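Below are the chains, spelled out letter by letter.
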Amino acid sequence: MDTAAPRPKENQGQPLPRVDARLKVTGQAHYPADLPTANIAYGALATSSIAKGKVAKLHLDDARAVPGLLDIVTYGDMDTVEKPKFANSGSTSIGPLHDRTIFHDGQIIALAVAETFEAAEEAAQLIRAEYDAETPTASFDSPGTATIPAAGKSPLFKEDVKAGDFDAAYKEAAVKIDARYSTPTQHHNPIELFSTTAFWEGDQLIVHEPSQNVTGWKVELARQLKIDPAKVRIVSPFIGGAFGSKGPMTPRTAIVAVAARRLGRPVRCVTSRMQAFGTQTYRAETRHRIRIGAGKDGRITAFAHEGWEVTSRPDSYVVGGTSATGRMYGYGSVLTHVSLVQADRNTPGYMRSPPETPYVYALENAMDEMAVALGMDPVEFRRINEPKTEPIGKKPFSSRSLIQCYDQAAEAFGWAKRDPKVGAMRDGDWLVGMGCATAIYPTAVAPCAARVRLTVDGDVRLQCGSHEIGTGVRTVAGQMASERLGVSIDRISVEMGDSSLPPAPVSGGSISTASVCSAVLKACDAIRAKLYAGATAEGGPLAGSHNEELDLADGKIVAKGGASAKVEDVLKTMQVGAIEEYAEFAPKGATPEALKKLYAGMPEFHGGEQDEDSVKYAFGAEFVEVRINRYTREIRVPRIVGAFAAGRIMNTRTARSQLMGGMIWGIGQALHEATEVDSRYARYVNRDLQDYLVPVNADINDLQVILVPEVDHAVNPAGVKGLGELGNVGTAAAVASAVYHATGKRIRDLPIRIEQLLV
Amino acid sequence: MRPFVYEQPTDISAAVAIASRFTTEDDQPTRANAQFIAGGTNLADYMKLGVAEPNRLVDLNRLKDPGLRQIRVTDEGIRFGALVRMGEAADHAELKRGYPVIADSLRLAASGQIRNMASLAGNVLQRTRCEYFRETSWHCNKRVPGSGCAAMEGFNRQHAVLGGSDACIATYHGDFAQALIALDAVVRAEGSRGARKIPLAKLHRQPRDTPEIETDLAADEIITAIEVPAVPWARRSLYLKIRDRESYAFALASAAVALDLDGDNVREARIALGGVATVPWRAKAAEEALQGKTLDEPSAGAAADAAFAGAEPRQHNAFKIELGKRTLVRALLETRDMKV
């Protein structure tokens, strides 16, 4: 056991290495654009250089003259297929080649297809558009925005939560703050570029594309192309980073499929890093106003959170993080309101902890301000406001270990050594600051199917149409089968990332481990039942034993008394070569339609705030130390400690890795990441990794992840709370608090940059 | 990417001859049909983006002259062969000891992978990374003369506050050249009109109304060596680079400082600034302000004020004046406190 493989505590699984680790580090893992395909042609996108207007004329002659050019797909060529839809499986309703209207910067205007990648790129660059350009609206402060209430605009955001009489309570509060916060535009920038490879085998379409939602895409792509979903297969065995960006399908996929059909040969289109900023989704900029009122004892009596989010003109993308911030602490009264601000931008989309990252940042920065206003230790302030039930529906938490997280992280961090006085801690020319914040993420689960086969040779084959986006879901699914079937992990093969496998929900909302493991558990238990039946049947090797006295271990069925029988022998007595089980898991509270919707690519999510019995969240606490040079004010983060409780931890290695990655991203959100929008043109300026900064190794120093034991049987059969999106929630607020502690400057607008600390 | 002819001459005169045949006297090296390539970390990138469009590349990596790949440190100073890689020079023990400002500037530049590819002469000649220059759909006077400058009223946080003009405010992003200019380095160049020495301070051109003219070089001239004289202030020198993240980012502000001290009194000071100017920027007014003074926080502050006296801020880069000053103050004090 070492740092990377923490020793499991209560209710935590073994830190097995990733089953695909060797493939990945030796370059043998084939990502969708690597999958070999014969006779391939290459596509390159041409995109708009304006954000609003119409394409008056396209000049294609220069492009057509490029040697090796095969085809150009543009206006008119998509008229026989349906426009995209904005929904879980579709990023936008804009059909870029269905309509000459330009809705945003970087909108697709054509796809050039050629014999080589270079020729396609050259041709795409030579496509010249004449525009009837209009003045676009870039963002919040630009002329021409339209602001609408968000509630009801998305099935994921039904209402502005509230409780009690905020106005009265706030008016009477002894101590209060009223502050505004903002978060910038961010793009996912996964290292694996976005790509589509499409080819037709007769009337069957096969698409290789990095996807977090192969079943949803299959159905949506079939709808656009007006073909039977059974004729579409989406293949995505490995994904090189997704973070939500590969959840909804973008319009490019159907365009490439049409190009492949026209040419009668496979077409592969890899978008450039620059083009991804306009053709994919992103996290839109947000603004917040938070008011908190409390008594002198620190008890919060009034909490109001107003949010504003940018979206595109045609699509109402909402994150609405007030559902979580409104339930975070034991507020006496709650008032929330979320607005959408429409601008001439591409439609935003899911990005790791979509609601919580911006909204909890604002809440937790405000909580620190409030602790300062009260003259109270920020940890103590949170302890005082720890609720018994959530304030909106007065439901209990299925489990809530926030205070345990604070206690363990504070001890590991050495919080007691912090001098609470602002600017009091120094190390030579460096100002030292320490801060903390809460992490929260709703625990949801969705229906899922899985097929598991155990053979007489002791091999297990596990199939599930989930997605290995780097989380380790292949490993933990295998681990679940290994534990339930008593088979070593190296005898288990796990197949994922293919829409021809049993359907799994979109790999989003941190539901995969819970949903997939619950389905695998169900399939394995069905295999166990059959094995037990065979073993205990009359004449069987364990005849007379009862099922509850049996377990599976090391390829044997073991009875409580010590008797055992090899699985191999039991199968022989049963006269079968293999047992295969297809299991469909539906969570508690699922509607009668739930499984049908799973196959249709529209999985129901359950849990979070929606259940009747309780609200379900995973929690964490993060502590950060910053150092700021007294002359030049650059901010460095020498230490960060996070403690997290998330029910059953399937694998302490992959769990730590997820949380660590989240905390690193949180540091990036605090200090580095921002997409700059040129407000005159509503265009993205820093569209590459030269100027879109993310943390590098040198920015990350001492980082500690503590996995706090927690047992929660209410969340799902596997007892698992998702943690993939927990680690980066709150981090930026902890950094902002530490910056305040070091300098006395409260920075409310992210990212925190040198210029904010110079004044 | 457009097709191009690729040539690999083995001696300098042949390389010059090829370039000479395919360029004219008026051609700018960055706009000529034939262009030289060494490490390629800058040019290949810009060719892919359509920013540079040579139809003939003259690869210098096969040139045989061994001096092109050597670092020689003698009592007279240093001679860097033009093809020495950045990484090699950054790790050179004698440089670290005798010319720390040079070793620092290289170590803090780019990434390990880029330093292993990029040549020293190519590094000095690297072109701006202005976002509006890099992407061909924006107006840019440097890329397309007379087309306008999108950065001037755009997102110009990275842009220069010193040495700009109404036509261009693109920053010179290099680090090494600041160290060189502080130590009065010269470059040796060979072209069809013979060999010559150019002080590094005269190599780069401020944009004025011709931002497309970036250097004093002719299109067929090759830098063959960079020479740094042995000066008394070389040993007490450092390069301080302030940026948004700890590594692999351009300077928001940087300072190359070299001092010859008598106690805390300044006999000679050499100062160059990076991240804030359109060219490697020698801060002579700051040097003069320090001459003969006791180096402390007030005198360093006065020197920094002198260095930025003519600075012109834009909407998003005004902080660079204050940051540049503080960077210089800190660099001066840290250089004073070096143990040499």
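Rules of the game
- Counting starts from 1 at the beginning of each chain's written sequence and moves along it residue by residue.
- Chain labels run from A onward and ligand labels from 1 onward, assigned in the order the entries are written.
- Since the coordinates come from a predicted model, pLDDT governs what is reported: local features require at least 70, and pairs of side-chain atoms require 80 or more to be given and counted, while whole-chain, interface and lining totals use all residues.
- Side-chain calculation: all heavy atoms of the structure are included, whereas hydrogens and water are not.
- Think of it this way: any DSSP run of H or I at least four residues long counts as a helix, any run of E at least two long counts as a strand, and we number them from the N terminus.
- In this setup the radius of gyration rests on C-alpha atoms only. A globule is expected at 2.2 Å times the number of residues raised to 0.38.
- Each residue is assigned to one of three classes by its accessible area relative to the maximum for its type, calculated with a 1.4 Å probe on protein chains only: buried under 20%, partly exposed between the two thresholds, exposed over 50%.
- Shrake-Rupley sampling with a 1.4 Å probe provides the accessible areas, and residues are treated as covered by the protein chains on show and by no other component.
- In this tally, Lys and Arg are treated as positive and Asp and Glu as negative; His is ignored, and so are the chain termini.
- Where a charge lies is defined by one atom per residue type, namely NZ (Lys), CZ (Arg), CG (Asp) and CD (Glu).
- As annotated, the domain borders come from an automatic or database domain assignment.
- Contacts are assigned to residue pairs with any non-hydrogen atoms lying within 4.5 Å of each other.
- The term buried area means the drop in 1.4 Å probe accessible area that two parts suffer when joined, counted for both and summed.
- Every case where a carboxyl oxygen of Asp or Glu lies within 4 Å of a side-chain nitrogen of Lys or Arg is listed as a salt bridge.
- Nitrogen and oxygen atoms within 3.5 Å of one another constitute a polar contact, given that in protein one can donate a hydrogen and the other can accept it, and given that sequence-neighbouring residues count only through two side-chain atoms.
- Gly is placed with the polar residues, together with every amino acid not listed as nonpolar (Ala, Val, Leu, Ile, Met, Phe, Trp, Tyr, Cys and Pro) or charged (Asp, Glu, Lys and Arg).
- Pairing between strands requires that DSSP locate at least two bridges from one strand to the other.
- We call a crossover right-handed when, viewed with the strands running away from us, the connection from the first strand over the helix to the second turns clockwise.
- Here, expected helix span is obtained from the residue count minus one, scaled by 1.5 Å.
- Any residue with an atom within 4 Å of a point lines the site, the site being either a cavity, points on a 1 Å grid over the protein atoms alone where a 1.4 Å probe fits but cannot get out, or a pocket, an open set with protein on both sides within 12 Å along at least 5 of 7 lines.
- Grid points are joined across faces, edges and corners, and a volume is the space filled by probe spheres set on the points.
- Whenever a helix is involved, its axis is fitted only over the stretch in contact; in every case the axis is a line through C-alpha atoms, and angles between N-to-C directions fall within 0 to 180 degrees.
- By definition, disulfides here are pairs of cysteine sulfur atoms that lie within 2.5 Å.
- Take the buried Ala, Val, Leu, Ile, Met, Phe, Trp, Tyr and Cys residues and link them wherever side-chain atoms come within 4.5 Å; each set so joined is a nonpolar core.

Student: Would you take a moment to explain the overall build of chain B for this structure?
Tutor: Within chain B, the secondary structure is distributed over 13 helices and twelve strands. Relative to its length of 340 residues, chain B is compact, with a C-alpha radius of gyration of 19 Å against a globular reference of 20 Å. If you line up chain B on its principal axes, its C-alpha atoms span 60 × 50 × 35 Å. Looking at chain B as a whole, 61% of its 340 residues qualify as buried. As displayed, chain B offers around 13,200 Å² of accessible surface, 47% of which is attributable to carbon and sulfur atoms. Of note, chain B has its 45 positive side-chain charges centred 3 Å away from the centre of its 44 negative side-chain charges.

Student: Could you clarify how one ought to interpret the domain arrangement of chain A in this entry?
Tutor: Interface extent is often summarised as the accessible area lost during association of the parts. All names here are of chain A. For chain A, the assigned domains read domain 1 (1-28 + 395-443 + 608-759) and domain 2 (445-604). On a C-alpha basis, the centroid separation for the pair domain 1 and domain 2 is 34 Å. If you look at the interface, domain 1 gives 24 residues, while domain 2 gives 22 residues. Taking both sides of the interface into account, the surface hidden between domain 1 and domain 2 amounts to around 1,800 Å²; carbon and sulfur atoms contribute 58%. Remark: the boundary between domain 1 and domain 2 carries three salt bridges. For Arg-474, the salt bridge identified is with Asp-20, shortest N-O distance 3.3 Å. Applying the counting criterion to the domain 1 and domain 2 interface returns ten residue pairs in polar contact (both at pLDDT 80 or more). Residue classes in the side of domain 1 that touches domain 2 are distributed as ten nonpolar, eight polar and six charged.

Student: Please clarify how the pairing of strand E22 (residues 492-495) of chain A should be interpreted in this entry.
Tutor: Two faces make up the sheet, and in a regular strand the side chains alternate between them. All names here are of chain A. Side chains Ile-492 and Val-494 project from E22 onto a buried face, and the interleaved Ser-493 and Glu-495 project onto a face without burial. The pairing of strand E21 (residues 460-463) with E22 spans four bridges and is parallel. Each bridged residue has a counterpart across the sheet, and for Arg-461 the counterpart in E22 is Ser-493. The parallel pair E21 and E22, bridged by helix H12 (residues 473-485), forms a crossover whose chirality is right-handed.

Student: Where do I start with helix H17 (residues 731-743) of chain A in this structure?
Tutor: Residues separated by three or four positions in an α-helix point in the same direction, a consequence of the helix having 3.6 residues per turn. Residue and element names in this part refer to chain A. Over its 13 residues, H17 runs 18 Å from end to end, which matches the ideal 18 Å to within 8%, given 1.5 Å per residue. With 13 of its 13 residues buried, H17 lies for the most part within the structure. Immediately downstream of H17, the backbone of Gly-744 shows phi near 80°, a positive value.

Student: Which parts of the structure should I look at to understand the layout of surface pockets?
Tutor: The gaps of empty space that remain are located by a probe, the size of a water molecule, rolled over the atoms. Residue and element names in this part refer to chain A. A volume near 1,000 Å³ is recorded for the second largest pocket. Mapped by element, the contributors of at least two residues to the lining of the second largest pocket are strand E9 (175-183), strand E14 (286-294), strand E30 (677-678) and helix H18 (754-758). Of the residues contributing to the lining of the second largest pocket, the split by class is ten nonpolar, twelve polar and ten charged.

Student: Help me understand the sheet that holds strand E12 (residues 232-235) of chain A in this model?
Tutor: Strands pair in a sheet through their backbones, by hydrogen bonds, and they do so in one of two ways: parallel or antiparallel. All names here are of chain A. Read from one edge to the other, the open sheet built from seven strands follows the order E3-E5-E1-E13-E10-E11-E12, with strand pairing classed as mixed. Taken across any chain shown, the strands that pair with only one partner, and hence form the sheet edges, are strand E3 (69-73) and E12. Averaged over neighbouring strand pairs, the angle between their axes works out to 20° when direction is ignored. Bridge count for E3 against strand E5 (residues 108-114) is four bridges, and the pairing is antiparallel. Note that in E5 the partner of Val-73 across the bridge is Leu-111. Against the sheet, helix H5 (residues 214-225) makes contact with strand E10 (195-201), strand E11 (204-208) and E12, and its axis sits at roughly 140° relative to E12, the strand it touches most. Lying over the sheet, helix H6 (residues 252-263) contacts strand E1 (41-47), E3, E5, E10, E11 and strand E13 (267-270), oriented at roughly 40° with respect to E10.

Student: Please explain the domain arrangement of chain B as it appears in this structure.
Tutor: Residues and elements named next belong to chain B. Taken domain by domain, chain B comprises domain 1 (5-59), domain 2 (68-124 + 172-229) and domain 3 (237-336). Of note, the centres of domain 2 and domain 3, computed from C-alpha atoms alone, are 21 Å apart. On the side of domain 3, 23 residues touch domain 2, which itself brings 25 residues to the contact. Of the roughly 2,000 Å² buried at the junction of domain 2 and domain 3 (both faces included), carbon and sulfur atoms supply 62%. The three residues of domain 2 that bury the most area against domain 3 are Leu-108, Tyr-172 and Gln-178, which together make up 27% of that side's buried surface. Across the contact surface, domain 2 and domain 3 share three salt bridges. A salt bridge links Asp-184 to Arg-270; its shortest N-O distance comes to 3.5 Å. Where domain 2 meets domain 3, there are ten residue pairs in polar contact (both at pLDDT 80 or more). Broken down by secondary-structure element, the contributors of at least two residues to the side of domain 2 that touches domain 3 are helix H5 (100-107) and helix H9 (176-182).

Student: I tried to follow the pattern of salt bridges on my own but got confused; where do I start?
Tutor: When charged atoms on two side chains of opposite charge get close, those side chains can pair. All names here are of chain A. In total, this model carries 79 salt bridges over all chains according to the counting rule given. In this structure, Arg-453 engages Glu-580 in a salt bridge whose closest nitrogen and oxygen atoms are separated by 2.9 Å. One end of the pair, Arg-453, is in strand E20 (residues 448-455); the other, Glu-580, is in strand E26 (residues 578-585), and 127 residues separate them in sequence. On the basis of relative accessible area, Arg-453 is assigned to the partly exposed category, the value being 31%.

Student: Honestly, the pairing of strand E3 (residues 56-59) of chain B in this entry has me stumped. Any pointers?
Tutor: Residues and elements named next belong to chain B. Burial of the side chains of E3 extends over both faces: Arg-56 and Val-58 are buried on one face and Leu-57 and Asp-59 on the other. Here strand E1 (residues 5-7) pairs with E3 via three bridges, running parallel. Among the inter-strand pairings, Glu-7 is bridged to a residue of E3, identified as Val-58. Bridge count between strand E2 (residues 34-37) and E3: four bridges; the pairing is parallel. Each bridged residue has a counterpart across the sheet, and for Phe-36 the counterpart in E3 is Val-58.

Student: Whenever I open this one, the sheet that holds strand E9 (residues 237-242) of chain B confuses me. Can you help?
Tutor: Residue and element names in this part refer to chain B. One open sheet accounts for four strands, arranged E9-E10-E11-E12; its pairing is antiparallel. Two strands bound the open sheet, and with one partner strand each, they are E9 and strand E12 (281-282). Direction of pairing for strand E10 (residues 253-262) relative to strand E11 (residues 265-274): antiparallel, over a ladder of nine bridges. Residue pairing for E11: Ser-254 is matched across the bridge by Gly-274. Running at roughly 25° to E9, H5 makes contact with E9 and E10 of the sheet. Packing of helix H13 (residues 319-336) onto the sheet brings it into contact with E9, E10 and E11, and relative to E10 it is tilted by some 35°.

Student: How should I be thinking about the environment of A:His305 in this particular structure?
Tutor: Residues and elements named next belong to chain A. Secondary-structure assignment places His-305 in strand E15 (residues 300-311). Assessed through its relative accessible area of 0%, His-305 is described here as buried. Separated by 16 residues in sequence, His-305 and Arg-289 have C-alpha atoms that sit 5.9 Å apart.

Student: Please clarify how the state of the cysteines should be interpreted in this entry.
Tutor: Should the sulfur atoms of two cysteines be covalently bonded, the bond is a disulfide. Residues and elements named next belong to chain A. For the coordinates displayed, the defined rule picks out zero disulfides over all chains. Just so you know, Cys-405 is unpaired, no disulfide at all, and the nearest cysteine sulfur is the one on Cys-436, 13 Å from it. Here Cys-405 falls in the buried class, since its relative accessible area comes to 0%. There is no disulfide at Cys-517, and the cysteine sulfur nearest it, in Cys-448, is 9.2 Å away.

Student: Hey, could you run me through the nonpolar core in this one?
Tutor: Side chains of nonpolar character tend, in soluble globular proteins, to be buried together. With 91 residues, the main nonpolar core has A:Ile292, A:Phe623, A:Val626, A:Val739 and A:Ile752 as its most contacted residues. Looking at this core element by element, the count peaks at nine residues for helix H9 (residues 356-374) of chain A. Once residues lying within four places of it in the same chain are set aside, the contact partners of A:Val626 are A:Leu431, A:Val432, A:Gly433, A:Ile635, A:Arg636, A:Val637, A:Pro638, A:Val735, A:Ala738, A:Val739 and A:Ala742. B:Ile18, B:Ala109, B:Ala234 and B:Ala272 belong to the second-largest nonpolar core, a separate cluster that totals 56 residues.

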